[in-house]
Amino acid sequence: MIAAQLLAYYFTELKDDQLKKIDKYLYSMRFSDETLKDVMTRFRREMENGLGRDTGPTATVKMLPTFVRSIPDGSEKGDFIALDLGGSNFRILRVKVTQDKKQPVQMESQVYETPDDIIHGSGTRLFDHVADCLGDFMEKQKIKDKKLPVGFTFSFPCSQSKLNEAVLVTWTKKFKASGVEGMDVVKLLNKAIKKRGDYEADIMAVVNDTVGTMMTCGFDDQRCEVGIIIGTGTNACYMEELRHIDLVEGDEGRMCINTEWGAFGDDGSLEDIRTEFDREIDRGSINPGKQLFEKMASGMYMGELVRLILVKMAKEGLLFEGRITPELLTKGKIETKHVSAIEKSKEGLKKCMEILTRLGVEPSDEDCLAVQHVCTIVSFRSANLIAATLGGILTRLKDNKGVARLRTTVGIDGSLYKMHPQYARRLHKTVRRLIPDSDVRFLLSESGSAKGAAMVTAVAYRLTDQARQIQQTLAEFRLTKAQLLEVKKRMRMEIERGLGKDTHKEATVKMLPTFVRSTPDGTENGDFLALDLGGTNFRVLLVKIRSGKRRTVEMHNKIYAIPIEVMQGTGEELFDHIVYCISDFLDYMGMKSARLPLGFTFSFPCHQTSLDAGILVNWTKGFKATDCEGEDVVELLREGIKRKEEFELDVVAIVNDTVGTMMTCAYEEPNCEVGLIAGTGSNACYMEEMKNIETTEGNEGRMCVNMEWGAFGDNGCLDDIRTQYDRAVDENSLNEGKQRYEKMCSGMYLGEIVRNILIDLTKRGFLFRGQISETLKTRGIFETKFLSQIESDRLALLQVRAILQGLGLDSTCDDSIIVKEVCGTVSRRAAQICGAGMAAVVDKIRENRGLDHLDITVGVDGTLYKLHPHFSRIFHQTVKELAPKCDVNFLLSEDGSGKGAALITAVGCRQRQQEGQQH
């Protein structure tokens, strides 16, 4: 008994001793984690070089765009054919994808031989052969009369500029067919199919086997965004942000990148970790100096590496008592499958004995132990190297997503990974050690890369069909120049109707006279009070205007809230509250005693009979105070001041905010004669000839007209360009049938239009996986500020996703692209129809003055115009296109409702004095 224990102890000692020797001998093949992290960093640098416009052409890691933009989302369905050409066998599959939960994918396949004389013959023969096999397959499947979509797995380095074209960069493996390199393989195959003429095929996608693997796994696990092959060769692909891919237009969404990582190190960047054995393998290969990383890590070279190590060790007397046989010296005598067999934990040593005996080296037990250890070191090095490069991809994904912890799935295929007893476990372990802050699931690809090609085709098919339907939906919003000119023409007609004495009553665009007869001339001087009432807040301002060489405007203001019970109480309560606020402000400024002229910005529709008289037509914006509609608001204010008996004011002017905007800008720029508000609401005003304003006495000079153009279209004249979504927004609004033009182009409604489109697209299964969340059903959820954020060019899709997630919408990358396009389409139309209205106004002014060419400035205010990233640009462009004879300059207004009101008051005081002098 003791003897047996002693023997076991001796054997373990011997084993440890022997293994230590080998560890020492192959020291350069064993990597510390530091070295692996270093390799990881180098690989990341190479990836960046491959993606860059300037560095790409010379980069060793090519990072080829595949034009595969999304992984399956589970809604794919259809009947597809997949071709798989990548080795000596050529496979054709028919893949049926259904929504059947139990068996979503049904496949039938057939393998065809590809003889050596075809692999090494002409390209024409090769593709004729593929077309013949496909014809035979379709005959057997009885589908020759159908034109099914085809996916083509072509596992050679190709450069693509779209999904269905692939130009072969270079043949690899054993292929050498002439006249194919530099050609588009889809064209070659289509030509061969056409030549036969007995069936049609629609080749929708060409994919690399690595991409096929990612897509196959992606069908089972939607988190899968990396694909790796570890077999005869090795390669990887992953989903990269489009904004980082310089060679492809656009920066929205993601695209799968085929890294072609086998060439990592071809520029000498791995020299410090390559060994003499790696150099020897490279010298004896068909492509010396190329694919150096692949030669260190893939199955094609692993057995050969082991053989070269054994030869050297035998020569140095460390193995087989120095015996070297012709078999041991023969290239290819040790294959990767032998390495896998030797490393099996139970029968490995026995297998080792058999394999070495066949080589005639008469191995001892110690020799077998030693050889097993050599195999372990070589295969472990491969797993470590792949873990380091995969680590590079995973850390890049993590950085792209900006997350603290990465959760993702890696799809894997390849004989080495599948067949080697320890490989997968070692790879997983090393990856987890190198990138601790990630949860990576490794998914073995069943049924290989061909099913993946069918998946890519299915996704392409789904996306093409979906894109077509979405474009159809959005087409109604895309107005042609002819349609916009029609909007301009109709606006002009409505303007004429609003100005005419007989038509004014029925007119939708009211063209209200404001009694503002001139813009500032620079002589305005004095202290003025301004009130600004237009929403839930109320402002009181003191504006000090100084004329002379250095004109200045100095402003002091205070903001007061208007409680909802005051907004919806009696008129007397509302005006008492306003007077109370003025009183507080005058105390605050210490000016109770002065009798100041006052301008009142009152942003509700008013019928003015003079500069200081305005009859409220109707309340808007949530105001409901009784006994005000039909009354003169200036009188109501004067009565309130009388009731208070604390101070006196001279109410000179009642002002609409649009007019205030025009006046503010006119103070800076004398030829400003138009005002525009493009914000929550939309409106415009301009200087019209008195003789054209039939609703007002007098024919001399000009007067500013408040158009109230938001109501344009209320008589149905815009119905031909309104969509179902515009109608839905109108039906759910507080004032159905009113302000239709405003509802198509103002900030208050754009988000609602977008929300209605998104609901429809979701119902049709194009968005948010067909799930309509409670959030999406909520009116007003999509504020216009979100539109501005989503459409900002600086925002990556990740941030768009974050905004949508903040709204409780769980969106994928593809969803975000669609949402962004919807927002862009809706705001573009808003800017264009607003531009068409403005074009009508400036052209009318030009014709009024009998000019061939008009130079004019428009004063603009409003959040939509100021904050939206594209609105102003598209608006300007539209005005320019539709009114080519006008040179229109746009000026942003600073505080139209405050400063503008004071300027109108100042101009009013000046007019009063002039009239006083005349009498």
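Let us look at the structure shown here.

Conventions used here
- Every chain's residues receive numbers from 1 upward, in the order its sequence appears when written.
- Given that this is a predicted model, residues contribute local features only at a pLDDT of at least 70 and side-chain atom pairs are listed and counted only at 80 or more, while totals for whole chains, interfaces and linings are drawn from all residues.
- As a rule here, side-chain values come from all non-hydrogen atoms in the structure, and water together with hydrogens is ignored.
- Axes, fitted as lines to C-alpha atoms, cover a helix only where it is in contact. Angles between the N-to-C directions of the axes lie from 0 to 180 degrees.
- Counting from the N terminus, the helices are DSSP H or I runs at least four residues long and the strands are E runs at least two residues long.
- In these notes the angle categories are as follows: under 35 degrees is roughly parallel, over 145 is roughly antiparallel, 65 to 115 is roughly perpendicular, and the rest is oblique.
- In what follows, a contact means two residues having at least one pair of non-hydrogen atoms within 4.5 Å.
- Residue type decides the class: Asp, Glu, Lys and Arg count as charged, Ala, Val, Leu, Ile, Met, Phe, Trp, Tyr, Cys and Pro as nonpolar, and the leftover types, Gly among them, as polar.
- Classification of residues uses two cut-offs on accessible area relative to the type maximum, computed with a 1.4 Å probe and protein chains only: under 20% is buried, over 50% is exposed, and between them is partly exposed.
- Whether two strands pair depends on DSSP finding at least two bridges between them.
- One less than the residue count of a helix, multiplied by 1.5 Å, gives the span that helix is expected to have.
- Salt bridge criterion: a side-chain nitrogen from Lys or Arg within 4 Å of a carboxyl oxygen from Asp or Glu.
- By disulfide we mean two sulfur atoms from cysteines, separated by a distance within 2.5 Å.
- Whenever a nitrogen or oxygen atom comes within 3.5 Å of another N or O atom, the pair is scored as a polar contact, on the condition that within protein one atom can donate a hydrogen and the other can accept it, and that pairs from neighbouring residues in sequence are kept only if both atoms are in side chains.

Brief notes about the packing of helix α2 (residues 33–51) against helix α14 (residues 423–434)
Part 1: Close contact between α2 and α14 brings their axes to 11 Å; oriented N to C, the two are set at 80°. The pairing of α2 with α14 is recorded here as roughly perpendicular in orientation. Judged by residue contacts, D33, L36, K37 and M40 of α2 engage T430, R433 and L434 from α14.
Part 2: The residue makeup of the contact of α2 with α14, split by class, is three nonpolar, one polar and three charged.

What to know about the pairing of strand β10 (residues 234–241)
Part 1: Where burial is concerned, most of β10 is hidden: eight out of the eight residues are buried.
Part 2: Covered by surrounding structure in β10 are T234, A236, Y238 and E240 together with N235, C237, M239 and E241, the residues of both alternating faces.
Part 3: Both strand β9 (residues 224–230) and β10 contribute to a ladder of five bridges, which runs antiparallel. Across the sheet, I228 pairs through a bridge with A236, a residue of β10.
Part 4: Linking β9 to β10, which pair antiparallel, is a turn of three residues.
Part 5: Pairing of β10 with strand β11 (residues 254–258), which is carried by five bridges, proceeds in the antiparallel orientation. Bridging across to β11, M239 finds its partner in C256.

A short note on helix α4 (residues 123–141)
Part 1: An ideal rise of 1.5 Å per residue puts 27 Å on 19 residues; α4 measures up with 27 Å between its terminal C-alpha atoms.
Part 2: In this structure, the buried side of α4 is in contact with β2 (78–85), β3 (89–97), β4 (105–113), α3 (116–119), β5 (149–154) and α5 (185–196).
Part 3: Phi turns positive one or two residues past the end of α4, at K142, with a value near 55°.

Notes on unusual backbone geometry
Both trends apply: most residues other than glycine have a negative phi, and most peptide bonds are in trans.
Part 1: One non-glycine residue, D627, lies in the positive phi region at around 60°.
Part 2: For D627, the location among the structural elements is in the loop between β20 (613–616) and α19 (633–644).
Part 3: On the basis of relative accessibility, which here comes to 63%, the residue D627 falls in the exposed class.
Part 4: Even without being a glycine, E645 presents a positive backbone phi close to 55°.

Observations concerning the sheet that holds strand β25 (residues 854–861)
Part 1: Strand order in the open sheet formed by six strands is β14-β24-β23-β22-β25-β26, with mixed pairing between adjacent strands. At either margin of the open sheet sits one strand with a lone partner, and together these are β14 (512–513) and β26 (886–892).
Part 2: Sheet topology note: the strand β22 (residues 672–678)/strand β23 (residues 682–689) ladder contains five bridges and is antiparallel. For I677, the partnering residue across the bridge sits in β23 and is N683.
Part 3: Helix-sheet contacts for helix α27 (residues 813–848) involve β22, β23, β25 and β26, and the interaxial angle to β23 is about 5°.

Some points on the pattern of salt bridges
Part 1: Applying the stated criterion across every chain yields a total of 74 salt bridges.
Part 2: Salt-bridge contacts for K488 lead to D843; the nearest nitrogen and oxygen are separated by 2.5 Å. Taken together, the positions of K488 in helix α16 (residues 481–499) and D843 in helix α27 put the pair 355 residues apart, joining distant regions of the chain. Across the pair, D843 and K488 agree in class, each one buried.
Part 3: With a closest N to O distance of 3.5 Å, D719 and R722 form a salt bridge.
Part 4: When salt bridges that share partners are traced, they join K488, R492, E496, D843, R846 and E847 into one network.

Here's the deal with the sheet that holds strand β15 (residues 526–533)
By definition, the strands of a sheet pair up through backbone hydrogen bonds, in either a parallel or an antiparallel sense.
Part 1: Read across the open sheet, the five strands follow the order β17-β16-β15-β18-β21; overall the sheet is mixed. Each edge of the sheet is formed by a strand with only one pairing partner; in this case those strands are β17 (552–561) and β21 (649–655). Sheet twist, expressed as the mean angle between neighbouring strand axes with direction ignored, is 20°.
Part 2: Helix α18 (residues 571–589) contacts β15, β16 (537–546), β17, β18 (596–602) and β21 of the sheet and is inclined by roughly 130° relative to β17.
Part 3: Helix-sheet contacts for α19 involve β15, β18 and β21, and the interaxial angle to β21 is about 155°.

A few points about the state of the cysteines
Part 1: What the rule picks out here adds up to zero disulfides.
Part 2: Between C672, a free cysteine, and C665, which holds the nearest cysteine sulfur, the sulfur-to-sulfur gap is 5.0 Å.
Part 3: C672 gets classed as buried once you look at its relative accessible area, which sits at 0%.
Part 4: C685 takes part in no disulfide bond, and the closest cysteine sulfur to it belongs to C704, at a distance of 3.8 Å.
Part 5: Overall, C685 belongs to the buried group, its relative accessible area being 0%.

A short note on the side chain of N384
Part 1: Assignment of secondary structure puts N384 in helix α12 (residues 365–401).
Part 2: Classification of N384 as buried rests on a relative accessible area of 9%.
Part 3: One polar contact links N384 to T430, side chain to side chain, over a distance of 3.2 Å.
Part 4: Contacts of N384, omitting those with residues within four sequence positions, involve L36 and T430.

Interpretation note: all reported values are geometric properties and have no functional meaning in isolation.
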